[in-house]
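Spelled out, the chains give:
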Amino acid sequence: SKYTEYSRLIIGLTSIGKDVTNVSGYNLLSYLSDFDKIKKQGINGPIFALIALDTKNYEIPISSTATTQTTRQGLIDYILSKEIKTGTDEAGGWALGGTNADPDITSMALQALAKYKDDEKVKPYIDRAVQKLSDMQNEEGGYSSWGTTNSESIAQVITALTALGID
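Computed from a predicted structure; not experimentally measured.

How each quantity is defined
- Residues numbered from 1 in each chain as written.
- Predicted model: local features only at pLDDT ≥ 70, side-chain atom pairs only at ≥ 80, totals over all residues.
- Heavy atoms only, no water.
- Helix = DSSP H or I, 4+ residues; strand = E, 2+ residues; numbered from the N terminus.
- Rg over C-alpha atoms; globule rule 2.2 N^0.38 Å.
- Buried < 20%, exposed > 50% of the residue type's maximum accessible area, 1.4 Å probe, protein only.
- Core = buried A, V, L, I, M, F, W, Y, C linked by side-chain atoms within 4.5 Å.
- Contact = heavy atoms within 4.5 Å.
- Axes fitted to C-alpha atoms, helices over the stretch in contact; angles between N-to-C directions.
- Parallel < 35°, antiparallel > 145°, perpendicular 65-115°, else oblique.
- Left-handed = near helix turned anticlockwise from the far one by under 90°.
- Nonpolar A, V, L, I, M, F, W, Y, C, P; charged D, E, K, R; others polar.

So, about the overall build of the protein. Secondary structure summary: the protein contains seven helices and two strands in total. Shown N-terminal to C-terminal, the secondary structure of the protein runs as helices and strands in the order α-α-α-α-α-α-β-β-α. A globule of 167 residues ought to have a C-alpha radius of gyration of about 15 Å, and the protein, at 16 Å, matches this closely. Overall, the C-alpha framework of the protein stretches about 50 × 35 × 30 Å when taken along its three principal axes. The buried share of the protein, taken over its 167 residues, is 43%.

This part takes up the nonpolar core. Within the largest apolar cluster, 41 residues are counted, with the highest numbers of intra-cluster contacts made by Ile10, Ile47, Ile79, Trp94, Leu110 and Leu113. When contributions to this core are tallied by element, the ones reaching two or more residues are helix 1 (4-15), helix 2 (35-38), helix 3 (44-54), helix 4 (72-81), helix 5 (103-113), helix 6 (123-136) and helix 7 (151-163). Looking at this core element by element, the count peaks at seven residues for helix 3. When neighbours within four sequence positions are excluded, Ile47 is seen to be in contact with Ile79, Ile105, Met108, Ala109 and Ala112.

The N-to-C vectors of helix 4 and helix 5 enclose an angle of 150°; their axes lie 11 Å apart at closest approach. One finds that helix 4 runs roughly antiparallel with respect to helix 5. Judged by the sense of rotation from one axis to the other, the crossing of helix 4 with helix 5 is left-handed. Residues Ile76, Ile79 and Leu80 of helix 4 touch helix 5, and the partners they reach there are Ala109, Ala112 and Leu113. Its residues assigned to classes, the contact of helix 4 with helix 5 shows six nonpolar, no polar and no charged.

Okay, here's the thing in C-alpha cells:
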C-alpha cells in the first residue's frame, strides 16, 4: 500500500543501471500507472512517482485496471494543488499536513518539479517555494522540520536548489 516504495526502488535501481522493467519478471513501472494508488499516501506518492519516472524519462505503462491512469501532467497538477495557502499572500511550499510549509516536503516537491521549471504554470509555484525556503532558513543557516534542526532538511534543500540550478 506504500507506493513510494516502488518509486524509491526505481530510483535506486536506475541509479545503478539496472532494468526496472524486468526485476524478477516484474515491471516496476507498472505499479506507478494507477494514480489513485500513488496518491493514497498523500503528496509523497506523486512526488516520488514523478522523480522516479523522470530518472530516465520512463514511459508510464497503460493500466488496464486503474480507475485513473497516471500521467506526468496529473502528477504535476496534484503536487501543485497541494501548495500551502495557494491564492494568498502567504502561498508557497508544501507539507504532509497542516497549514505551514515544511522544508523537507517543499524541497522534495521542488526536486520533482525541477524538470518543469520553465513551464509557465509551474514556475510561479517554484518561485514561491524557493522564497518560502529562504524565509524558513534559521539564523545558523539550517532548517528545522517537525521542530528539530537536522541535516536531512539541509540536504533536501541543497538537493532541490541544485536540481533547479541555483547555486
